[in-house]
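# A closer look at the structure
Given next are the chains, with one letter for each unit.
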4 protein chains.
Amino acid sequence: MKIGSQAHHSTSISTSNASTILVRGRDLSRELIGQISFTDHFWLLLTGSMPTTAQRRILDATLVAIAEHGLVPSVQASRMTLAAAPEALQGAVAAGILGCGSVVLGSSEVAGHFFAAIAARIAAGAAPNEAATSAILEYRAARRAIPGYGHPLHRGSDPRAGRLFAVAAEVGSAGMHVDIAQLVERLLPDLIGKPLALNVSGAIPAVLLDAGYPLGALKGVPILARTAGLIAHLLEEQLRPIGFVLSYAGGAAIDYDGEAPPDFEPGHE
Amino acid sequence: MKIGSQAHHSTSISTSNASTILVRGRDLSRELIGQISFTDHFWLLLTGSMPTTAQRRILDATLVAIAEHGLVPSVQASRMTLAAAPEALQGAVAAGILGCGSVVLGSSEVAGHFFAAIAARIAAGAAPNEAATSAILEYRAARRAIPGYGHPLHRGSDPRAGRLFAVAAEVGSAGMHVDIAQLVERLLPDLIGKPLALNVSGAIPAVLLDAGYPLGALKGVPILARTAGLIAHLLEEQLRPIGFVLSYAGGAAIDYDGEAPPDFEPGHE
Amino acid sequence: MKIGSQAHHSTSISTSNASTILVRGRDLSRELIGQISFTDHFWLLLTGSMPTTAQRRILDATLVAIAEHGLVPSVQASRMTLAAAPEALQGAVAAGILGCGSVVLGSSEVAGHFFAAIAARIAAGAAPNEAATSAILEYRAARRAIPGYGHPLHRGSDPRAGRLFAVAAEVGSAGMHVDIAQLVERLLPDLIGKPLALNVSGAIPAVLLDAGYPLGALKGVPILARTAGLIAHLLEEQLRPIGFVLSYAGGAAIDYDGEAPPDFEPGHE
Amino acid sequence: MKIGSQAHHSTSISTSNASTILVRGRDLSRELIGQISFTDHFWLLLTGSMPTTAQRRILDATLVAIAEHGLVPSVQASRMTLAAAPEALQGAVAAGILGCGSVVLGSSEVAGHFFAAIAARIAAGAAPNEAATSAILEYRAARRAIPGYGHPLHRGSDPRAGRLFAVAAEVGSAGMHVDIAQLVERLLPDLIGKPLALNVSGAIPAVLLDAGYPLGALKGVPILARTAGLIAHLLEEQLRPIGFVLSYAGGAAIDYDGEAPPDFEPGHE
């Protein structure tokens, strides 16, 4: 059954014959395998071009930043799915990825659209303060959370956000979206009555958009990164199963027993 | 409800407090973000240690090798899911990942267990030829396909397999599992009556196991790699939708319109 | 990690002890198993009450109407996932369900919210014609499709829609939402310049909302119904596999070979 | 890309043209919608025939039995996925269904194959005691759990199992598979050193196979049934969110506040 009518019945990502696989016009075996990193390949797949050094470092930094944050709900969903269906690792990964929604891990995408909308108003002639203020007030009027600000554990500041901005400054790619993200942070206390620190899901789209990463693939960064973290948890689950025991809001039922600096005080998982 | 009783109620992957996120004992913001590549981070998450240069190059090579191979069924499943549910990119990625099963993308894991079983027999004193021959004959007796050999398009040889072995030789990590994979390829014509070339899903576990990558996470490589490819197709689907048009066995309903060398003859997608 | 703070840490659906499972206050073994139909049980689970005869008939009619419509994209996604991962039927079902999005199968939910919004305007004093007209024009202004109207195959009329309205009339449950659905159908030619017939995804929420089915569970009807259809296709796939052959827009690569009346002219799958 | 070569490029489940949808040779609108129950339709989709009264009652009884058992891990996975991604109910349902694996909900399928193997040995001439004993000992030798026996909460007996057998006796469909299931229960104490009561996932395949339900669709019953339960929990989650609070092994963090008989003593969720 054909639904809708599309203008394009073609793809420009990849094709192949019996002896050669072309990816974005490159011979996969002769030009890519063993020559470029997976991060380079991801950028090439998305954009059709190899990343610059700055683009590679930004993409690596964001993927490293969001890959892992302990036994969060989507990791629990994934581990429990493996315990119930050990025959299908892919199902356990899928169950974890399905939690990359608009509220939790996928909020990078929502924040990216929020910043892009402010950037568009500035490009159309609005003063930055006015553009950001009106965008914030529209979200408030629609009773939507301001995406990319506030974190239940990292209330004062999210250590990943500041570090991502430092990397962007270091490689010289920080630009308008980083400016907008910081401007919004400064405006929030007056506009919503309390300070809310930029979180990792706000910093990721800011530095990626400044680096030329495509807006429509923003959610792909937390999805890809978290897949790596999920696979690590699923390996641990195979080697020494936690099974169906869950952590809970009132205390830590699951302990961390890995390495830690001597002065580290654990919070609650 | 608690099901089963597990000895371990602890994790050694990550923990955090309000100011610090520890991943495998490292401070995520101060020691990892902006300092290491995503491939390094994936290895660290899985094993608790940073990869050597050889390990990093092998892992990168396998991830690049298996990330993309055109509009295969799991990519079609993913694109069509996005067309039906554009509000949930994570659902479209999950639908594609669910096709990483024992038959198609996940066969790296099956092949890895096959090679590991032969390696265990050799370690227990069997001659390599006998160990491989008996393992092959047991699969045949159980009417199971020999995992990691043969490909519907790349019949003569899979260009990715040879390239992965060359990278393993180059970085000096090729070892017993690569030897076993090549031994099996030599034995197959006599034992099953026809030659079957090693494919990418056979080469991946051979080079990864030789590099010290954990057996229980083998399927994680095609899952993580293919996630990158899926996100690229889902970005393309947003920018110029193919929608519900499908390719089919008898010809190419979907064309490739990306770059290609002047002498490239496309096969059927 | 606790995210957000919820007022409710309780459920009213089910609880149990060693000898008894309570579902909505009923003893599952003594009062429900063998006594009520699965459709009754679904209604009870959702609402806490047993359905009336009219409610049961409406819910059965909608579930039967939307369970199956041939080798649509989500069924293809599901079959191909099973072919790739035969070890995990649940993964194949999940891949199919993920295609119940806002555009295709899940449009019952979007249409239900559309009708409910018109009903709310009428309840607030608007004349029906005005309420429906303004709602249609707002969707048009936002470049959104009018949900629940038009079908790529059943252009003149969707035979399931008319039948569902006949059942609602027969059991005496047709009410305001059916009226609104018909009113919108009459208004569309003038407002958008072409006739668009009510489709099954428009008729389902109309008859369900009139019967007292909860708005927030509307998408559950196509999801539950389609799960039944998917399981049938996955059984067929096991017994006589179609595998990775796909149908396509230009013709029927997959034939129907089941029973049919002698005068039936097949369309394209 | 075509993978494998299949003999069948046809389906016998459904086809359609502009005015008619055929399902298993019946006109969906004229013969099925409003005339048959969803349970009838599921049987028809699977088998091509309408169920007898006994078949309908058995299928209804098993679907009712397994639809709901409180906040089990797959329900938690599903609720948390909705909290993270409220835009995609289908993703939350999929995350819950992915937990219908060989260990937990999908064990009906494993138990069905276990009983069918014993039945095949009896059909081939073995005495029932010998057939069952040898099958049990083979599972033990392979360190596999005997599927369909034992339950972490319902240790003495699973109330759903006895009730399903009573329904099978009542409708006159109990046969060889019920006999085998009971025989295994009697043999277990001697063969494995402790009694293990038949659980719901053992009773379901026993009564379904006796009623003529297809072996390859056994896992479809817990999947379809649990989908109904998941949708109820996801509606509750929308109306009064529990969010990311989880129950845990040491006590009940989430209370039941629905109806209950005055003398009901809750166990731990």
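Heads up: these notes are all about the structure in this document. (Residues numbered from 1 in each chain as written. Chains lettered and ligands numbered in written order. Predicted model: local features only at pLDDT ≥ 70, side-chain atom pairs only at ≥ 80, totals over all residues. Heavy atoms only, no water.)

## Here we look at the overall build of chain A
Helix and strand content of chain A: 11 helices and five strands. Taking all 269 residues of chain A together, the buried fraction comes to 64%. Sequence separation of at least 24 residues holds for 67% of the intrachain contacts in chain A that already meet a minimum separation of 6. Of the roughly 8800 Å² that chain A leaves accessible, carbon and sulfur atoms contribute 52%. (Helix = DSSP H or I, 4+ residues; strand = E, 2+ residues; numbered from the N terminus. Buried < 20%, exposed > 50% of the residue type's maximum accessible area, 1.4 Å probe, protein only. Contact = heavy atoms within 4.5 Å. Areas by Shrake-Rupley, 256 points an atom, 1.4 Å probe, with all protein chains shown as cover.)

## Structural notes on the nonpolar core
Core analysis: the biggest nonpolar cluster contains 159 residues, and Val184 and Tyr213 of chain C together with Val184 and Tyr213 of chain D have the highest contact counts within it. Those residues in contact with valine 184 of chain C that sit more than four places away from it in its chain are Phe114, Ile118, Ala132, Ile136, Ile146 and Tyr149 of chain C. Listed in part, the 158 residues of the second largest apolar core include Ile192, Leu224, Ala225 and Leu235 of chain B. (Core = buried A, V, L, I, M, F, W, Y, C linked by side-chain atoms within 4.5 Å.)

## Describing the interface of chain A and chain B
Contact with chain A, which involves 102 residues of that partner, is made by 103 residues of chain B. Together, the buried faces of chain A and chain B total about 8900 Å²; carbon and sulfur atoms form 66% of this surface. At the boundary of chain A with chain B, the tally comes to zero salt bridges. On the surface where chain A and chain B come into contact, there are 28 residue pairs in polar contact (both at pLDDT 80 or more). Split by residue class, the side of chain A that touches chain B holds 50 nonpolar, 35 polar and 17 charged. Pairing geometry for strand β1 (residues 10–11) of chain A and strand β5 (residues 255–256) of chain B, over two bridges, is parallel. The partner of threonine 11 of chain A across the bridge, within β5 of chain B, is tyrosine 256 of chain B. (Buried area = accessible area lost by both parts, 1.4 Å probe. Salt bridge = Lys/Arg side-chain N within 4 Å of Asp/Glu carboxyl O. Polar contact = N/O pair within 3.5 Å; in protein donor to acceptor, adjacent residues only side chain to side chain. Nonpolar A, V, L, I, M, F, W, Y, C, P; charged D, E, K, R; others polar. Pairing = 2+ DSSP bridges.)

## Description of the side chain of threonine 20 of chain A
Considering the arrangement of structural elements, one finds threonine 20 of chain A in the loop between β2 (14–16) and β3 (21–23). The exposure class assigned to threonine 20 of chain A is buried, which follows from its relative accessible area of 11%. In this structure the side chain of threonine 20 of chain A is engaged in a polar contact, spanning 3.3 Å, whose partner is the side chain of serine 19 of chain A. Ignoring sequence-local partners within four residues, the contact set of threonine 20 of chain A consists of Thr15, Asp27 and Arg30 of chain A together with Phe264 of chain B.

## Describing the environment of serine 107 of chain D
All names here are of chain D. One can find serine 107 in helix α6 (residues 107–123). Of the residues examined, serine 107 reaches a relative accessible area of 10% and is grouped as buried. C-alpha separation for the pair serine 107 and glutamate 87, spaced 20 residues apart in sequence, amounts to 31 Å.

Everything listed is a geometric property; what it means functionally is a separate question.
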